[in-house]
Amino acid sequence: MKRISPIRTRQTDAPALLELKTSLQTTQSALNNAYTAFDYASDPELTEACIFEIRALQSRMNYLVRQIKELETCAATAAGVQGGGRVRWI
């Protein structure tokens, strides 16, 4: 399983960005639980259900990461980091 670094939040983050980051952390925790359930599933139907849950959570994480990157880019642009400036996303 791929490990993802903790999400850093800043006091200057917009409320929408903080909400997205919190949701991402919650989804990461749920994904870890889904992987654990998959590891212990013995019934084929339960294994299939775990796979569907893992795929759904991965899709949700991808969506949240895209939204966070977009908001951070918009915030950096609004703060005057344009053109040559680079936004760092962790």
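Our structure is the block above this text.
No experiment lies behind these values; they were computed from the predicted model shown.

## Describing the pattern of salt bridges
It is possible for side chains of opposite charge to pair when their charged atoms get near one another. Counted under the stated rule, the structure contains 1 salt bridge. Between E72 and K21 there is a salt bridge, with the nearest N and O atoms lying 3.3 Å from each other. Residue E72 is found in helix α2 (residues 44-78), and its partner K21 is found in helix α1 (residues 15-40); the two are separated by 51 residues along the sequence. You can call K21 buried: its relative accessible area is 2%.

## Focus: the packing of α1 against α2
Closest axis-to-axis distance for the α1/α2 pair is 9 Å, and the angle between their directions is 160°. Classified by the interaxial angle, the pair formed by α1 and α2 is roughly antiparallel. α2 is crossed by α1, and the crossing has left-handed handedness. Among the residues forming the contact of α1 with α2, the class breakdown is 19 nonpolar, 6 polar and 4 charged.

So, how was this worked out
- Residues numbered from 1 in each chain as written.
- Predicted model: local features only at pLDDT ≥ 70, side-chain atom pairs only at ≥ 80, totals over all residues.
- Heavy atoms only, no water.
- Salt bridge = Lys/Arg side-chain N within 4 Å of Asp/Glu carboxyl O.
- Helix = DSSP H or I, 4+ residues; strand = E, 2+ residues; numbered from the N terminus.
- Buried < 20%, exposed > 50% of the residue type's maximum accessible area, 1.4 Å probe, protein only.
- Axes fitted to C-alpha atoms, helices over the stretch in contact; angles between N-to-C directions.
- Parallel < 35°, antiparallel > 145°, perpendicular 65-115°, else oblique.
- Left-handed = near helix turned anticlockwise from the far one by under 90°.
- Nonpolar A, V, L, I, M, F, W, Y, C, P; charged D, E, K, R; others polar.

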